[in-house]
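Structural description and commentary
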Amino acid sequence: MTTLNPSSPMVWSDGSTDRSHRSWLVRSAIAIAIFLVLIAAFAPLLAWHQPIVCRYQGALYFPAVSDTANRIPIVGGWIQKAKPFRFPSFDARTELDAFAVWPPVPFGPMELIADANLSASTTHWLGTDDRGRDILSRMIHGAAISVQVGVYAMLLAGFVGVLVGTIAGFYGGAADWMGCRLIEMMMCFPAFFLILAVMVWIGNGVSGVILVIGLTQWTGIARLVRAEFLSSRELDFVDAARSYGAKGWYIALRHLLPGAIGPTLVAMMFGMADAILLEAGLSWLGLGVGSESPTWGGMLRDAFDQIRTHPGLMIAPCAAIFVCVLCCHILGEQLRRSLDPRQSFGGNRS
Amino acid sequence: MTIPTFVGIVLITFLLIHLSPGSPASGTAGGFGDGGISSVDHDRLRTHFELDAPLLSRFGRWLTRVIRFDFGRSFADGRPVSQRILERLYPTLLVTLVTIMIGLCIVIPIASYAALHAGKHFDRIILGACVGFYAIPPYIVGMVLILILGVRFEWLPFSGLTSEGYSEMRLWQKFVDIIQHSVLIGCCFLYPLVAYLVPFVRATMLSVLNEDFVRAAFARGLTKRQVVFRHVLPNTLGPLLTVMGLIVPAVLGGSVVLEVMFAWPGMGRLLYESIHDRDYPVIMGMTVLSAVIVLGVTLVVDLLHAWSDPRVRYA
Amino acid sequence: MKTAIEQPLIEVTDLSVRYKRGQAPVLRDVSFSMNCGESIALVGDSGCGKSTLAMSLMRLLPADAAVRGSIVFRGDGEFEPMDLMGVDERTMQAVRGKHIAMVFQNSVGSLDPVMRVGNQIAEVVRVTQGADRSTAHKMAIKLIERVGLPSPQRLAQAWPHELSGGMAQRVGLALALAGNPSLIIADEPTSAMDANVQSQILEVFRHACRQAGVALLLITHDICVAQALANRVCVLDRGSLVDNRPIDKLDSPSCHAATKRLVDAARLKSKAFTAIAGKMV
């Protein structure tokens, strides 16, 4: 993919002090990021094949709400959806006749609801794809998958990276040697090759994609943390801490790790963009989350297969991926600037 | 340093095989595709990777296999894996190496100009464009290029390495044909490289320009051109080389989607095809080989870096 | 020292430098002149604008610096006197290195780390004197010899990171001498060195400048260093030139307060040193 070395993210600094322009950019990036996360979290409330609230055979049901709650990791699994809505054969659209509040986009992302390749209309705001699925609904649920993959994969990568980097940087010696070799050998594998080779064995699925991306993309973070540890290990304040009796791991966690957190967060922001691109690439190949699932990469692939007849299908997923990745880059860059004020090249004069 | 890393690569791929269905570690679960892995595949895997042998001897066998570059025979067509990979190696190397060369020729002048005029309009426009382009994945650009230049205007071919009737062409026609076919895919490899390297080289140059020896060189009466060519550029070379080494895996990884998109008969597409055919020996061979290529490139980059910077040489 | 010729080598009049609009000027109406072969020490506390003065003589200030005043440079009579503030960049390039050379404080850092020492000297010889490759190389080796470095042939092949600070500063002097200039500006050439090396380097400077008849503008914060090399002292205090007198007249009561402070500081240091030495005996 375009995962060009997450450890040294885009250098994007100039000597300018034009703050207003930059803050406008950053503010909109933050707004878009929040927007995307909200969409991801509440996707079934925005676009779903079942209503938010409805009355069915005298009782009130909240099928879309319970689907939203279901998506919360770990605890979400405990929530049981109410009975008739749980069955795939149950069609809320025809069965319900009484009161029902539908999501703004009342179509499921996988629902074959209309004719194929409809253009945009008031019912289907972005039209339908080659199999008659609502594009807007797929975009919304695709955002959910992209955000999930980006966030969870980077949390995993951050955890592994900080762990390996801390062990290597703190213990030094043999541990450092082992850690460095481990990082080195992981960096030798082109991410896409390794990920595909693992995906072959473990098969499709969001959790698989997250796991594999997370376990391959941690090297940059580990290198950063290790470098941070090595550079601050020799600093005076560590000796000072040692002199008043602080012990090894206490120093590592209390004094050294905080210094490494900032660069790690920056790397994670840039890594998130890479993870989203990787996932989209995998889905484009049909080897990622699953060919039926609504993903931006998969939608791009559908568009590519019909590039001669319906090139317009490309627009929505292209724009979404671009905006999402750009957003991560801008936020990462801004984070780095705020962490490191020495970024400006004013020229040092004596 | 290279040998332990090499052994590590072998070990990681070995563990990957260990994950495979049919190995004692994973039982019968897993497998890619709709129906999981069939029992036929199961048995073939078992015999091919000798999953029943003791662990250590199995690792030894795998190591010798990697060193001898012998991964057995492909499940799909029965030919040796190494042969299948090697015939796919050259289109990928062709497009990536040429792209990197062209990329350097573009990057260095642009980045130098931007660094020497930091903060001016050209510099800001270039930087903004780089950030923007870097955020567009190559497969999107590839699709747009195919749509506009390939489908709408039919200027350039976008599928495969050669046209039909390639074998009857004269030599220069063959040459032109290959060039024509590589333009679009080459562009898709090229622009993220440029968009990544320009800001990097620019920042490196800016930090070199702030070094004392540059000011000293000016004070000794050298012209701007002399300072840039004799002192600034040679000092930018080291970091640039290092980053080039780090970029290679990304370029190779990016080749999968692009090669599938452009029907380019390279390594990435072979990997894609093997995954669809469940041709596990080829997949494992490709994974090892790609890592070994990157390792080799890293080694070459280290040597070049030592050649270009005496401080590294004696360190 | 050579006797001063009636025409000064360089004459600075009302030089003011300000880095950013609205900020206080770094230099305020500085005027002084230097004769051929003379050596002047420019002394002052850190941050008083010494280095800015040096860089403005070379016209190497950052682009955002605003400069006022005139710097008339006469050279050794080869050309008409010219105002360095008024000439174009191309002329200035010809002046740098060839007529005014500079030695920097950061001796190792002012050498290109990826170029052999001999080649760097030869490069300056070629640029300033138009010599061809082999002549330039021979001259480079001669220059290395002249600044008192052992085995010049081998040293010419050395990389900058292999040199010690003292060796690098000798190379810096060789680089300055390479253009055969009539003025060398030395910006704190010995500040980063220990006392022993410092006195050696100062001796090399004195010897080389006297031999070549080069005028030396020595910038330092240490009046002892000034006393070792210079025959006149200019004192800068917060951007203004407050004192300008021969080196042996520093005791006179007409001295500016800043001069007195610097002299007292130097005395205190040497007194403390003698006291400690006395106790040790």
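Residues numbered from 1 in each chain as written. Chains lettered and ligands numbered in written order. Predicted model: local features only at pLDDT ≥ 70, side-chain atom pairs only at ≥ 80, totals over all residues. Heavy atoms only, no water.

Our focus in this paragraph is the pairing of strand β10 (residues 240-246) of chain C. Residues and elements named next belong to chain C. The pairing of strand β9 (residues 232-237) with β10 spans six bridges and is classified as antiparallel. Considered in β10, the bridge of R232 is made with P246. The antiparallel hairpin formed by β9 and β10 contains two residues in its connecting segment, where R238 sits at a positive phi of about 45 degrees. (Pairing = 2+ DSSP bridges. Helix = DSSP H or I, 4+ residues; strand = E, 2+ residues; numbered from the N terminus.)

Quick look at the interface of chain C and chain B now. Between chain C and chain B, the residue contacts involve 26 residues of the former and 22 residues of the latter. Taking both sides of the interface into account, the surface hidden between chain C and chain B amounts to around 2,100 Å²; carbon and sulfur atoms contribute 60%. Among the residues chain C hides against chain B, the three largest losses belong to C:Q93, C:V114 and C:E123. Together they make up 24% of the total. Summed over the shared surface of chain C and chain B, the result is one salt bridge. One salt bridge connects C:E123 with B:R230, and the closest N-O pair in it is separated by 3.0 Å. Contributions of two or more residues to the side of chain C that touches chain B are made by α1 (50-58), β6 (100-103) and α3 (117-129) of chain C. Residues of the side of chain C that touches chain B, tallied by class, amount to 14 nonpolar, eight polar and four charged. (Contact = heavy atoms within 4.5 Å. Buried area = accessible area lost by both parts, 1.4 Å probe. Salt bridge = Lys/Arg side-chain N within 4 Å of Asp/Glu carboxyl O. Nonpolar A, V, L, I, M, F, W, Y, C, P; charged D, E, K, R; others polar.)

This structure, assessed with the given rule, holds 26 salt bridges over all chains. In this structure, the salt-bridge partner of A:E184 is A:R181, at a minimum N-O distance of 3.1 Å. Placement of both A:E184 and A:R181 in helix α7 (residues 173-188) is noted, with a separation of three residues, approximately one turn of the helix. Given a relative accessible area of 31%, A:E184 falls into the partly exposed group. In this structure, C:R245 engages C:D243 in a salt bridge whose closest nitrogen and oxygen atoms are separated by 3.0 Å. With respect to burial, C:R245 and C:D243 carry one shared label: buried. By sharing partners, the salt bridges in this structure join C:D45, C:D237, C:R238 and C:R261 into a single network. (Buried < 20%, exposed > 50% of the residue type's maximum accessible area, 1.4 Å probe, protein only.)

Our focus in this paragraph is the environment of B:G165. All names here are of chain B. Examined against the element boundaries, G165 turns out to sit in the loop between α6 (138-152) and α7 (171-209). Of the residues examined, G165 reaches a relative accessible area of 36% and is grouped as partly exposed. Taking the C-alpha atoms as reference points, G165 and N235, 70 residues apart in sequence, are found 49 Å from one another.

Bringing the state of the cysteines into the picture now. With the rule as written, the count across this model stands at zero disulfides over all chains. Just so you know, B:C105 is unpaired, no disulfide at all, and the nearest cysteine sulfur is the one on B:C187, 15 Å from it. Here C:C209 is not disulfide-linked; the sulfur of C:C36 is the nearest cysteine sulfur, at 13 Å. (Disulfide = S-S within 2.5 Å.)

Turning next to a nonpolar patch on the surface. Residue and element names in this part refer to chain A. Together, F159, L163, I167, Y171, W249 and L253 give the surface a local cluster of nonpolar side chains, amounting to about 610 Å² of exposed area. Every element with two or more residues in the nonpolar patch is listed here: α6 (135-171) and α12 (248-285). Top contributing element to the nonpolar patch by residue count: α6, with four residues. As for its position among the elements, I167 is in helix α6. (Patch = residues over 30% accessible without salt bridge, like charges linked within 9 Å, V, L, I, M, F, W, Y side chains within 5 Å. Areas by Shrake-Rupley, 256 points an atom, 1.4 Å probe, with all protein chains shown as cover.)

For the rest of this paragraph, the subject is helix α13 (residues 296-305) of chain A. Most of α13(A) is tucked away, with nine of its 10 residues classed as buried. Residues of α13(A) that are buried include every one of A:W296, A:G297, A:G298, A:M299, A:L300, A:R301, A:D302, A:A303 and A:F304, and no others.

All names here are of chain A. Structurally, A191 is set in helix α8 (residues 191-202). On the accessibility criterion, A191 (13% relative accessible area) is buried. When the C-alpha positions of A191 and P84 are compared, they lie 44 Å apart, and in sequence the two are 107 residues distant.

All names here are of chain C. Across the sheet, which stays open at both edges, the six strands sit in the order β6-β7-β8-β3-β9-β10 with mixed pairing between neighbours. Each edge of the open sheet is held by one strand with a lone partner, namely β6 and β10. The average undirected angle you get between the axes of adjacent strands in this sheet is 20 degrees. Relative to β6, helix α6 (residues 165-177) is tilted by about 175 degrees, and along the sheet it contacts β6 and β7 (183-187). (Axes fitted to C-alpha atoms, helices over the stretch in contact; angles between N-to-C directions.)

Right, let's talk about unusual backbone geometry for a bit. One non-glycine residue with positive phi stands out, namely B:A263, at about 50 degrees. Within the chain, C:D14 stands out as a residue other than glycine whose phi angle is a positive 50 degrees. Note that C:D14 resides in strand β1 (residues 10-18). On the accessibility criterion, C:D14 (40% relative accessible area) is partly exposed.

Before going further, it helps to examine the nonpolar core. With 225 residues, the main nonpolar core has A:L285 and C:I185 as its most contacted residues. Core analysis: the next-biggest nonpolar cluster, separate from the first, contains 55 residues, C:V103, C:I121, C:V125 and C:A230 among them. (Core = buried A, V, L, I, M, F, W, Y, C linked by side-chain atoms within 4.5 Å.)

On to the interface of chain B and chain A. Taken together, the 73 residues of chain B in the interface contact 60 residues of chain A. Our count for the chain B to chain A interface comes out at zero salt bridges. Mapped by element, the contributors of at least two residues to the side of chain B that touches chain A are α1 (2-18), α5 (121-134), α6, α7, α9 (224-261), α10 (267-277) and α11 (280-308) of chain B. Here the side of chain B that touches chain A gets 12 residues from one element, more than from any other, and that element is α9(B). Of the residues belonging to the side of chain B that touches chain A, the class tally is 53 nonpolar, 15 polar and five charged.

Before going further, it helps to spend a moment on the packing of aromatic side chains. Each aromatic ring pair is characterised by the separation of its centres together with the angle its planes make. Across all of its chains, the model carries six aromatic pairs over all chains by this definition. When the centroid spacing of 5.2 Å and the interplanar angle of 25 degrees are considered together, the rings of B:F153 and B:W155 count as stacked. By relative accessible area, which is 47% here, B:F153 ends up partly exposed. Positioned above the aromatic ring of A:W177 is the side chain of A:R181, whose terminal nitrogen or guanidinium carbon lies 5.2 Å from the ring centre. Between the NZ or CZ atom of A:R301 and the centre of the ring of A:W284, over which it lies, the distance is 4.4 Å. (Phe/Tyr/Trp six-rings, centres within 6.5 Å; stacked < 30°, edge-to-face > 60°. Lys NZ or Arg CZ within 6 Å of the ring centre and 35° of its normal.)

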